[in-house]
Amino acid sequence: MATVPPPLQVDAAPYPFSFDPFATALVLIDMQRDFLEPGGFGESLGNDVNELRRTIAPLRAVLGACRAIGMTVVHTREGHLPDLSDCPPSKLLRGSPSLRIGDPGPKGRILVRGEEGHDIIEELYPVAGEPVIDKPGKGAFYATEFGELLASRGIRSLVVTGVTTEVCVHTTVREANDRGYECLVLSDCVGSYFPQFQRAGLEMVAAQGGIFGWIAESAAFLAALAPVMPAPVAPQLS
Ligand code: C5J
């Protein structure tokens, strides 16, 4: 009779996070050029992109490990159809930014699908077979096929990474929590332009006994994956 492997455990707050890696998806939220690259939309609004770029190296390590064991990896991108028919006027018109959604920006039209700035940064670019969810809102579930995708793969837990912590990461975690998913947020793999929001955003996830989920550093997550990582291949001696 086949034995069921015990769940893996991550040293996390507010208490250890248990998960089955084959019922878990790594989710990379909106690691897009316009949010992360110098010269992009985020920087043009006066933000320091280095606050987000520090997530790239730890996230690359996590992505590599998840790919190595064959975990589900899902990427998201925030953006709109070229005719902006999926952008509610409230989102288009709010505030008085120097650049609005759809305007020509430094890397193409701002937050429009198919434009250079809308795409994912090279360091974390999806490989063949990794779904990319294009979302018009902040949350990954709203007006997308994300929920159906997770259900079709039997996913019950999400390891959530990406930007920005208090906006699209938080919205997605809250949506997921209400739908019954267990969410682990990797604190060094999520980023905000605002250090105070980064701190508060993370604290809010794990407050009150894990009201939205768990938080842990990527090193703790990688340590938990160690027992299921494939052995490194020894170099061939000729
Ligand atoms: C995301 C935003 N991805 N800050 N968007 O968080 O508008």
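For the structure, check the block above.
For clarity, every value in this text was computed on a predicted model and none was experimentally measured. (Residues numbered from 1 in each chain as written. Predicted model: local features only at pLDDT ≥ 70, side-chain atom pairs only at ≥ 80, totals over all residues. Heavy atoms only, no water.)

Draft legend 1. How the structure looks around the sheet that holds strand β7 (residues 132-135). Taken together, the 6 strands give an open sheet; going across it, the order is β7-β4-β3-β8-β9-β10, and neighbouring strands pair in parallel fashion. Edge strands, defined here as strands with exactly one partner in the open sheet, are β7 and β10 (214-216). With direction set aside, neighbouring strand axes in the sheet form an average angle of 25°. With 6 bridges joining them, strand β8 (residues 157-163) and strand β9 (residues 182-191) adopt parallel strand pairing. (Pairing = 2+ DSSP bridges. Helix = DSSP H or I, 4+ residues; strand = E, 2+ residues; numbered from the N terminus. Axes fitted to C-alpha atoms, helices over the stretch in contact; angles between N-to-C directions.)

Draft legend 2. Summary view of the packing of aromatic side chains. Counted by the stated rule, this structure contains 7 aromatic pairs. Where Phe141 meets Tyr181, the ring centres are 5.8 Å apart and the plane angle is 35°; that geometry is what we call tilted. With Phe141 in the loop between β7 and α6 (146-152) and Tyr181 in the loop between α7 (165-178) and β9, the pair connects residues that are 40 residues apart, well separated along the chain. In terms of burial, Phe141 and Tyr181 fall into one category: buried. Through a chain of ring-to-ring contacts, three or more aromatic side chains come together here, namely Tyr15, Phe17, Phe19, Trp214 and Phe221. (Phe/Tyr/Trp six-rings, centres within 6.5 Å; stacked < 30°, edge-to-face > 60°. Buried < 20%, exposed > 50% of the residue type's maximum accessible area, 1.4 Å probe, protein only.)

Draft legend 3. Representation of the packing of α7 against helix α8 (residues 195-210) within the structure. Viewed as axis vectors pointing N to C, α7 and α8 meet at an angle of 10°, and their least axial separation amounts to 10 Å. Between α7 and α8, the angle falls in the class roughly parallel. Contact residues: Thr165, Glu166, His170 and Arg174 in α7; Phe197, Gln198, Gly201, Leu202, Met204 and Val205 in α8. Split into classes, the residues belonging to the contact of α7 with α8 amount to 4 nonpolar, 4 polar and 2 charged. (Parallel < 35°, antiparallel > 145°, perpendicular 65-115°, else oblique. Contact = heavy atoms within 4.5 Å. Nonpolar A, V, L, I, M, F, W, Y, C, P; charged D, E, K, R; others polar.)

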